[in-house]
Amino acid sequence: MSRISQAHSIEDLRRRARIRLPRGVFDFFDGGAEDENTLAANRRAFENVRLLPHVLRNVADPDLSAQIIGMRAAAPFVVAPMGAAGIGWPGADVAIARAASRLGIPYVLSTAATASIERIASEAGGRLWFQLYVLRDLAFTEALMARAAAAGYEALVLTLDMAVGGKRERDIRNGFTVPLAPRWRTAADFMTHPMWCLRMLRHGQPSFENLQGFAGSSHAGTSIVARAAQSLDPSFDWGALQRIRDKWPGRLLVKGVCRADDADRLATLGLDGLWVSNHGGRQLDGSVASAEALPDVVHAVRGRMPVLIDSGIRRGVDVVKALALGAQAVGIGRAALYGVAAAGQAGAERALMILSEELRRAMQLCGTPTIGDIDAQLLQVQPARQRS
Ligand SMILES: Cc1cc2nc3c(=O)[nH]c(=O)nc-3n(C[C@H](O)[C@H](O)[C@H](O)COP(=O)(O)O)c2cc1C
């Protein structure tokens, strides 16, 4: 395959990842729940936003730096949490975290990552946030929070849209499990991707390092859907959220919100940020696209805390659209994952570089030299709630 610098878009990186990875692994990264309607809607919603660019503004030297939950970052990006990334490239979590650190943006480590809280802190550094799934074992959940605080993670991101695992039919059809379990069905898939296979054999099977010792993690070979259902606590509610707020000493964000009434109530709880997301279409198929949910959520929050968004960001201009719709920053999910799966750290860096360069160009073409200049005036159609 040609050099990674020959990849010019996130779609180029996705194509490379598809060639390099066994089908089961690619589908696990790429796929969504059920009919993948929400997965497709996330993209369509960004594509359907039309911009009204300003002219005659000095855009000689655009400044991409942004405030994200009260701290300066080199761009309005956060790398979104992604579990099991190491099955695409050994050490994928460290590779993506290092890429984020080099660019100067926060990296969010997943509870279900294939690198531990401590390993990321010592091997990647940079600005680290930890994403928490509330597990049935409350003591284990609280121990994860204590480890993240001890390792210096500056924020906790509590994911709320996964009471149970979504029904991802590509995984079910492919017989896909983590840990990877070679069966007759999957063996041919693995063996026809020798470069991926060799790397996995050399580095060994990745594991859910944060979940070592957790009872729900010991069932090697169970499907991800089954494992998630076993381990997550579907009884987690408003009272339990308040207990997390009381226990976590640092900044706290909640991820996976799309309703205005939930956002309004969450804004009363002393949180530091709200992250609009539908998990990249991997959970509730039929859920509203993130970009469509964003304006009502921003309106309901009324400036009481910053609002972030993910699900469907594939272009720099999507970032302009998200910010114009009221987000403070965007989460980079699969875009970074395709990059790392295509070429390790160089691929993750390439993904972030592509998005940064596209954002810079889009800001110049929109006549918005700073991130602060991007606002609802850029939108051809003002969101209904913000018109007044
Ligand atoms: C392979 C994969 C694993 C993910 N794992 C997690 C996770 O462990 N925790 C979480 O909050 N979100 C997880 N997500 C969702 C992402 O954080 C993010 O919301 C989503 O990828 C954004 O959509 P996009 O990839 O289409 O941009 C995962 C997404 C993918 C693709």
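The residue numbers shown here count from 1 along each chain, following its written sequence. Confidence filtering applies because this is a predicted model: local features only for residues at pLDDT of at least 70, side-chain atom pairs given and counted only at 80 or more, and all residues used for totals across whole chains, interfaces and linings. Only hydrogens and water are removed before side-chain values are computed, so all heavy atoms of the structure are retained for them.

> Looking at this model, I keep getting lost on the site of the ligand. Mind explaining?
The environment of the ligand is formed by 23 residues, the closest being Pro81, Ser110, Thr159, Asp310 and Arg334. Any N or O atom pair separated by 3.5 Å or less is treated as a polar contact, with the protein-specific requirement of one donor-capable and one acceptor-capable atom, and with residues adjacent in sequence counted only for side-chain atom pairs. A distance of 2.8 Å is found between a nitrogen atom of the ligand and a side-chain nitrogen or oxygen belonging to Tyr133. Between His279 and the ligand, the recorded distance is 3.2 Å, taken from a side-chain N or O atom to a nitrogen atom. Here the Shrake-Rupley method, with its probe set to 1.4 Å, supplies the accessible areas, and only the displayed protein chains count as covering residues. Coverage of the ligand by the protein chains reaches 97% of its 600 Å² of free accessible surface. What counts as a helix is a DSSP run of H or I of at least four residues, what counts as a strand is a run of E of at least two, and both are numbered from the N terminus. Elements with a minimum of two residues in the shell around the ligand: helix H2 (23-30) and helix H15 (334-366). Here the term charged refers only to Asp, Glu, Lys and Arg, the term nonpolar to Ala, Val, Leu, Ile, Met, Phe, Trp, Tyr, Cys and Pro, and the term polar to all other amino acids, Gly among them. Residues of the shell around the ligand, tallied by class, amount to eight nonpolar, ten polar and five charged. Any residue with a heavy atom positioned within 4 Å of a molecule or strand is treated as near that molecule or strand.

> Can you walk me through the environment of Asp373 in this structure?
Counting through the fold element by element, Asp373 comes out in the segment after H15. Type-normalised accessible area, obtained with a 1.4 Å probe on protein chains alone, sets the label of each residue: buried when under 20%, exposed when over 50%, and partly exposed for intermediate values. Since its relative accessible area comes to 28%, Asp373 is described here as partly exposed. Each C-alpha atom of the pair Asp373 and Met363 lies 9.1 Å from the other, and the pair is ten residues apart in sequence. Within the local environment of Asp373, its side chain forms a polar contact with the side chain of Thr370, the two groups lying 2.9 Å apart.

> What am I meant to see in the packing of H2 against H15 here?
The description of two packed helices rests on the angle between their axes and on the distance between the axes. At a minimum axis distance of 10 Å, the contact between H2 and H15 shows a crossing angle of 160°. With respect to H15, the axis of H2 lies roughly antiparallel. Two secondary-structure elements touch here, H2 through Phe26, Phe29 and Asp30 and H15 through Arg334, Leu337, Tyr338 and Ala341. Class assignment for the residues of the contact of H2 with H15 results in five nonpolar, no polar and two charged. The axes are straight lines fitted to the C-alpha atoms, using for helices just the contacting stretch, and the angles between their N-to-C directions are given from 0 to 180°. If an angle is under 35 degrees, it is roughly parallel; if it is over 145, roughly antiparallel; if it lies from 65 to 115, roughly perpendicular; otherwise it is oblique. Contact between two residues is taken to exist if any of their heavy atoms lie within 4.5 Å; hydrogens are not considered.

> Is there a simple way to explain H2 in this structure?
Each full turn of the α-helix corresponds to 3.6 residues, which orients residues three or four apart in the same direction. By the criterion of burial, H2 is predominantly enclosed, with seven of the eight residues buried. Looking at H2, one finds that the buried residues are Gly24, Val25, Phe26, Asp27, Phe28, Phe29 and Asp30.

> Even after reading the chapter, I still don't get the UniProt feature "binding site: glyoxylate" (unreviewed entry) in the protein chain, so can you show me in this structure?
UniProt positions are given in the numbering used here, feature names are shortened, and annotations may be inferred rather than shown by experiment. Here, the residues flagged by UniProt with the feature "binding site: glyoxylate" (unreviewed entry) are Tyr133, Arg168, His279 and Arg282. Along the chain, Arg168 falls in the loop between strand S6 (155-159) and helix H7 (169-174). Counting through the fold element by element, Arg282 comes out in the loop between strand S8 (273-276) and helix H13 (290-301). You can call Arg282 buried: its relative accessible area is 12%. A polar contact is formed between the side chain of Arg282 and the backbone oxygen of Phe29, at a distance of 3.3 Å.

> Would you take a moment to explain the nonpolar core for this structure?
As a rule of thumb, soluble globular proteins bury nonpolar side chains together. Counting 119 residues, the largest nonpolar core has Ile120 and Leu274 as its most contacted members. In terms of residue count, H15 provides more of this core than any other element does, 16 residues in total. If near-sequence neighbours (up to four positions away) are discounted, Ile120 is found in contact with Asp93, Val94, Ala97, Tyr107, Leu109, Ala115, Gly125, Leu128 and Tyr153. Residues grouped as a nonpolar core are buried Ala, Val, Leu, Ile, Met, Phe, Trp, Tyr and Cys residues, joined through side-chain atoms within 4.5 Å.

> Just to check I follow, could you spell out the packing of aromatic side chains for this structure?
Side-chain rings of Phe, Tyr and Trp, where Trp is taken by its six-membered ring, are said to pair if the distance between their centres is within 6.5 Å; with planes under 30 degrees apart they count as stacked, over 60 as edge-to-face, and otherwise as tilted. Using the criterion set out here, one finds five aromatic pairs in the structure. A centroid spacing of 5.4 Å and a plane angle of 25° characterise the contact between Phe28 and Phe176, whose relative ring orientation is stacked. Of this pair, Phe28 sits in helix H2 while Phe176 sits in the loop between H7 and helix H8 (184-191), placing them 148 residues apart in sequence. Per residue, the accessibility class of Phe28 equals that of Phe176, and both read buried. Both rings, one in Phe130 and one in Tyr153, keep their centres 6.3 Å apart while their planes meet at 85°; by these two values the pair is edge-to-face. Here the residue Phe130 occupies a position in strand S5 (residues 128-132), and Tyr153 occupies one in the loop between helix H6 (138-150) and S6, the gap between them amounting to 23 residues. Judged on exposure class, the residue Phe130 and its partner Tyr153 are both buried. Each residue in the set Phe28, Phe29 and Phe176 is aromatic and connected to the rest through ring pairs, giving one cluster. It is Lys255 that lies over the ring of Trp275; its NZ or CZ is 5.7 Å from the centre. Above the face of the Trp238 ring, Arg265 is positioned so that its terminal group lies 4.0 Å from the ring centre. A ring has a charge above it when a Lys NZ or an Arg CZ is no more than 6 Å from the ring centre and no more than 35 degrees off the ring normal.

> Quick question: what am I supposed to make of the pairing of strand S10 (residues 329-332) here?
Along a regular strand, successive side chains alternate from one face of the sheet to the other. Alternating positions in S10 separate into two faces, Ala329 and Gly331 on one and Val330 and Ile332 on the other, with burial throughout. In the sheet, strand S3 (residues 77-79) pairs with S10 via three bridges, with the strands oriented parallel. Opposite Phe77, over in S10, you have Val330 as the bridge partner. Note that strand S9 (residues 307-309) and S10 share two bridges and pair parallel. What sits directly across from Leu308, in S10, is Ala329. Should DSSP find at least two bridges between two strands, the strands are taken to pair.

> When you look at the packing of helix H14 (residues 316-324) against H15 in this model, what are you seeing that I'm missing?
Where H14 contacts H15, the two axes come as close as 7 Å, and the packing angle between them is 60°. Considering the angle they form, H14 stands oblique to H15. Crossing angle aside, the handedness with which H14 passes H15 is right-handed. Across the interface between the two elements, Gly316, Val317, Val319 and Val320 of H14 pack against Leu355, Glu358, Leu359, Ala362, Met363 and Cys366 of H15. Broken down by class, the residue content of the contact of H14 with H15 amounts to eight nonpolar, one polar and one charged. The handedness criterion is simple: a crossing whose near helix is rotated anticlockwise from the far helix by less than a right angle is left-handed, and one whose near helix is rotated clockwise is right-handed.

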